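# Descriptive structure summary
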Amino acid sequence: MSHPAGPNAAGLRRDALVERLTLFSLSGPALLLVTMTMLVPVGWLFWLSFLDDAGGFSLEHYRRMLVQPSYGRAFRITFEISFITTAICILLGYPLAYVLSQLPRRAANICMIAVMLPFWTSLLVRTYAWLVLLQRQGVINTWGIKLGLWDTPLALVHNLNGTLIGMVHIMLPFLVLPVYASMRAIDQDYLKAAANLGASPTRAFWLVFLPLSLPGLIAGALMVFILCLGFYVTPAVLGGGKITMVANRIATDIELFFNWGAASSLGVVLFVLTGMILYLASRIVRLDRLLGGGGA
Amino acid sequence: MARDAALPIAVRRLTKSYGTLRVLDAVDLDVRRGEFLTLLGPSGSGKTTLLMMLAGFVRPDCGSIAFGEREVIRLAPHKRDVGMVFQNYALFPHMDVAGNIAFPLKLRGIGKAEALQRVEQALELVKLGGYGARRIDQLSGGQRQRIALARAIVFEPRILLMDEPLSALDKQLREHMQIELRQLHERLGMTTVYVTHDQREALTMSDRIAVIDQGCIRQIDTPKEIYERPTNRFVAEFIGESTFVTVDVDTAGCTFNGIPLALASQPARKGPYHLMIRPERLSILEQSVSAGVNVLPATVTAAIYQGDSVLVHASLPDGTMVSVRASASVRAPVAGEKLNLGLNAADTYLLPVEESAA
Amino acid sequence: MGWLGRPATDTQITHGRRLWLYVLAGLVLVFLMLPTLIVIPMSFSESQYLEFPPREWSLRWYRNYFNSTAWMQATATSFKAGILTMIVATLFGTMAAYGLHAARLGFSGLILGILLTPIIVPVILVGIGVFYVYVKIKLVNSMTGLVLAHSMLAIPIVMMVVSSALKSFDMNQERVARSLGASRMRAFFLVTLPQIRFSVVSGAVLAFLTSFDEVIVSLFVSGGQNSTLTRNMFNALRDQIDPTIAAISTLVVILTSVLLAISQLFGKSGAR
């Protein structure tokens with residue numbers, strides 16, 4: 001930028017700088033805090049992941065990830081669970097959001113409480129509730145047998161089933177909220193126009209409504225998938241030690257083996273994968289939608 | 001408030017660019033003590049930027065702004081002591097009307113009793129006495145506008161700035177408020193800078209108008225001078241309707257397409273000129289032609305009945321289209337008809353042909 | 001069955017043909033509400049084994065909770081951490097949101113990006129990272145360390161809520177206040193803050209809940225005297241199903257609902 005010369009030019013430039021710095025300094029405390037408790041620790045782990053036991057540079061931890069099958073399994077199960085959870089969330093959440101979006105505002109807002117309350121209820125409390133409901137002598141099994149739906153108690157928890165049920169329950173609001181918001185924003189005149197042009201209700205839905213609600217759906221599904229990748233509590237409790245997602249593996253490496261290098265390298269790979277998915281997604285949808293969905 | 005308390009404003013070489021876009025280009029402007037000056041220009045001309053610089057919300061790259069003797073260009077907005085009325089009024093919805101108006105008084109540490117009295121005075125002044133306890137969302141657009149004005153003058157600033165304050169009102173209310181604002185200015189005598197893109201509003205209200213285009217002041221003068229004697233084509237075309245035809249001036253006189261024209265005043269230099277034709281100064285000539293009236297032959301292209309009058313579009317011999325109003329009571333001309341248009345010599349106004357007109 | 005035959009939308013599909021959709025949506029709503037709702041009656045059961053519906057009602061598990069020093073200490077820790085986090089995150093987050101909103105500098109996007117990263121970084125990574133650093137600087141098991149880590153997690157949430165409020169706030173109001181004689185800071189406190197207060201309060205409530213409900217970072221950096229409620233609950237869950245947790249869960253659900261209701265009510269009165 002050129003520096004125009006003229007009366008007061010230097011003073012005005014100084015004033016502009018001071019104003020900018022003042023406003024910038026308002027983010028100072030937050031920036032310092034995030035740096036101290038996030039950037040530095042995560043950066044440090046990143047560094048650790050490239051050191052061997054003797055403290056020299058090595059790719060040992062990353063090599064082990066390729067060689068040891070247990071690591072590969074952790075990644076595979078993490079992606080499988082995340083994928084299935086996201087798919088179930090779409091199958092359950094999209095129709096729910098659709099019905100809610102067609103209801104009158106008041107009725108929809110009342111139904112939204114059913115979505116919002118679990119959204120803000122402690123994750124641990126909800127996981128616990130599922131544990132209680134799904135166990136062998138739990139509510140679901142006792143009622144199922146009492147009603148004659150099945151004879152022997154089903155294995156609903158301490159396995160993949162329990163983990164999936166719990167994760168779908170926790171993630172569903174993250175899908176419903178952005179999808180609902182994007183459906184509400186759709187102008188009903190489009191559908192009238194489609195009907196007027198001869199589209200059957202079903203065709204109008206597939207050709208008009210679905211494409212218009214797609215940005216919200218993609219944002220919601222992406223959010224669900226990314227959050228699933230980092231899940232720890234639900235698989236730990238509802239998986240009963242049998243489901244080892246990457247986060248659980250990281251915790252085990254620290255708690256049991258004190259192997260910082262191994263844990264760090266796993267964390268780094270998980271973070272990089274998350275970042276890559278976000279980056280690829282940002283080329284398809286605008287990411288501010290994604291962040292907007294959570295705070296509503 | 002005494003008129004002598006009002007401050008003159010002197011703006012010198014005020015410049016602002018965003019990247020390569022020059023919003024204001026070394027603008028000089030003098031606003032006289034107690035004057036009502038309007039900044040008039042199309043959107044994007046820089047008029048609002050200039051106003052925001054006077055208020056201190058936009059920082060120029062360089063230049064100087066003096067209120068009276070005092071240089072204020074680096075002064076923070078809250079120390080400038082100017083009243084400001086925004087386009088959307090920006091009333092505080094979390095305070096009632098009295099709270100809004102008392103806001104500047106409270107900031108100046110004025111006691112409750114006096115503040116109360118001055119708030120009521122200000123409300124009387126804008127003809128909303130007794131409205132103090134109303135909530136902002138209970139007010140109509142016109143009332144909000146008045147409250148915003150009351151808030152801007154209650155602390156007796158010596159300069160009042162207004163950014164298109166009437167643009168959100170409907171036409172009738174706007175015209176009413178124009179007169180009221182003008183009367184208020186007469187009573188208070190504050191130096192007032194008023195921004196608008198509505199030329200009629202500018203002509204109605206101002207002591208002087210500064211016409212701005214592309215970050216430059218193109219002309220600054222009284223409404224009458226601006227309208228009747230624009231110094232360039234931009235001003236002539238922006239203010240009022242006008243059509244231009246090229247005429248030749250030489251020692252023998254002035255001719256348009258070979259037709260000799262009588263002028264109000266003969267320009268000193270010879271050469272081509274633009275003759276400004278305002279539609280309302282044209283008339284349709286019947287038979288007799290009085291002296292001092294130029295006769296321009298024209299062909300009617302369309303005649304549109306508009307109730308109170310008939311709008312006649314016609315083409316001059318050089319092909320220039322002009323329009324003229326005819327009384328609806330006489331026989332309306334029809335398309336294709338040839339007729340004579342009259343232009344008083346006293347109403348002729350020539351502009352030198354600019355290198356880059358428009 | 002007249003309603004079933006009536007068109008449901010402007011595209012003339014009938015309610016009858018969409019019945020399956022309504023049933024599905026209803027079931028999903030039940031699925032969402034069910035676990036939380038069923039735990040509440042179960043917490044009032046006399047039995048050692050959680051039953052629904054309980055055969056005998058009692059406050060046994062609540063007494064158990066309130067008489068346990070360990071649970072009480074953990075609850076106190078969680079409240080303390082939650083309130084301190086609320087104060088720190090609301091203050092820092094609001095300041096940053098305002099600064100970035102008002103400045104619109106070239107690199108405010110970069111700063112925003114840094115401040116929002118805690119949302120996308122896997123919490124487990126943050127947890128072990130913070131643990132590692134805290135071991136070095138002796139902040140493990142301290143209230144300070146816990147509050148700092150929780151504040152970092154809560155700042156993005158406060159910022160998102162406050163930023164969106166600022167986006168719909170008319171900054172001309174702040175300008176007009178400044179022209180009327182208020183310094184920028186006074187204009188913020190007298191004009192801007194009163195109008196975005198609903199969002200600031202929402203942000204504060206969410207910041208409190210973020211800390212109060214947080215498990216993973218607490219697992220690593222809280223302990224001993226400063227063990228949080230969630231940490232103790234999590235450890236209890238891994239061992240056996242203690243019905244005391246049902247009582248605690250019920251109390252947490254009530255607390256969450258009350259807090260959210262308060263912030264909603266506050267919003268209604270603030271919207272005027």
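Computed from a prediction, not measured in an experiment: that's the story for all the values here. (Residues numbered from 1 in each chain as written. Chains lettered and ligands numbered in written order. Predicted model: local features only at pLDDT ≥ 70, side-chain atom pairs only at ≥ 80, totals over all residues.)

What follows covers the pairing of strand E2 (residues 21-31) of chain B. Residue and element names in this part refer to chain B. In this structure, strand E1 (residues 9-18) lies alongside E2, joined through 7 bridges in antiparallel fashion. Pairing of Ala10 across the sheet is with Asp30, part of E2. Connecting E1 to the antiparallel partner E2 that follows it, the hairpin turn spans 2 residues, and Gly19 within it adopts a positive phi of roughly 60°. (Pairing = 2+ DSSP bridges. Helix = DSSP H or I, 4+ residues; strand = E, 2+ residues; numbered from the N terminus.)

A separate point is the interface of chain B and chain A. It is common to give the size of an interface as the accessible area that goes away when the parts come together. If you look at the interface, chain B gives 11 residues, while chain A gives 9 residues. Elements with a minimum of two residues in the side of chain B that touches chain A: E1 and strand E4 (62-67) of chain B. Partitioning the side of chain B that touches chain A into residue classes produces 3 nonpolar, 3 polar and 5 charged. (Contact = placed C-beta atoms within 7 Å. Nonpolar A, V, L, I, M, F, W, Y, C, P; charged D, E, K, R; others polar.)

Our focus in this paragraph is the sheet that holds strand E7 (residues 159-163) of chain B. Residue and element names in this part refer to chain B. The 6 strands are arranged E6-E7-E8-E3-E9-E10 in an open sheet whose pairing can be described as mixed. The sheet is open, and its two borders are formed by strand E6 (82-85) and strand E10 (216-221), each paired with just one other strand. Here the strands of the sheet are splayed against their neighbours by 15° on average, with no regard to which way each runs. Summarising the sheet, strand E3 (residues 36-40) and strand E8 (residues 191-196) pair through 5 bridges and their orientation is parallel. Residue Leu40 lies in a different strand from E8, and its bridge partner there is Thr196. (Axes fitted to C-alpha atoms, helices over the stretch in contact; angles between N-to-C directions.)

Residues and elements named next belong to chain B. For Leu14, the location among the structural elements is in strand E1. Leu14 sits in the buried class, given 27 other C-beta atoms within 10 Å. Along the primary structure Leu14 and Pro317 are separated by 303 residues, whereas in three dimensions their C-alpha atoms are 46 Å apart. Not counting residues up to four positions away in its chain, the partners in contact with Leu14 are Leu24, Val27, Met53, Pro60, Gly63 and Ile65. (Buried ≥ 20, exposed ≤ 12 C-beta atoms within 10 Å, placed from the backbone.)

Taken together, the contacts link 77 residues of chain C with 70 residues of chain A. Broken down by secondary-structure element, the contributors of at least two residues to the side of chain C that touches chain A are helix H2 (19-42), helix H4 (69-103), helix H5 (108-120), helix H6 (123-137), helix H7 (143-167), helix H9 (184-213), helix H11 (229-239) and helix H12 (244-271) of chain C. Partitioned by chemical class, the residues of the side of chain C that touches chain A number 60 nonpolar, 14 polar and 3 charged.

The next subject is the domain arrangement of chain B. All names here are of chain B. In terms of domains, chain B is made up of domain 1 (3-238) and domain 2 (243-352). Here domain 1 and domain 2 have C-alpha centroids that lie 40 Å from each other. Tallying the contact residues gives 5 residues for domain 1 and 5 residues for domain 2. (Domains from an automatic or database assignment.)

Moving on, we come to the packing of helix H2 (residues 97-107) of chain B against helix H3 (residues 112-125) of chain B. Residue and element names in this part refer to chain B. H3 packs onto H2 with a crossing angle of 125° between their chain directions and a minimal axis gap of 9 Å. Overall, the two elements H2 and H3 adopt an arrangement that is oblique. At the point where H2 passes H3, the crossing takes the right-handed sense. Counting all contacts with H2, which are made through Ala98, Ile101, Ala102, Leu105 and Lys106, the residues of H3 involved are Ala115, Arg118, Val119, Ala122 and Leu123. Of the residues that constitute the contact of H2 with H3, the class distribution is 8 nonpolar, no polar and 2 charged. (Parallel < 35°, antiparallel > 145°, perpendicular 65-115°, else oblique. Left-handed = near helix turned anticlockwise from the far one by under 90°.)

Residue and element names in this part refer to chain C. Inspection of the secondary structure assignment puts Tyr22 in helix H2. According to the C-beta neighbour criterion, Tyr22 is partly exposed, with 14 such atoms within 10 Å. Separated by 234 residues in sequence, Tyr22 and Thr256 place their C-alpha atoms 29 Å apart.

Bringing the sheet that holds strand E20 (residues 350-352) of chain B into the picture now. Residue and element names in this part refer to chain B. Taken in spatial order, the 5 strands make up an open sheet running E13-E12-E11-E14-E20, and their pairing is antiparallel. Looking along the sheet, the strands with just one partner apiece sit at the ends: strand E13 (259-261) and E20. Within this sheet the neighbouring strands show an average axis-to-axis angle of 40°, counted without direction. Across 3 bridges, the pairing between strand E11 (residues 243-250) and strand E12 (residues 253-256) is antiparallel.

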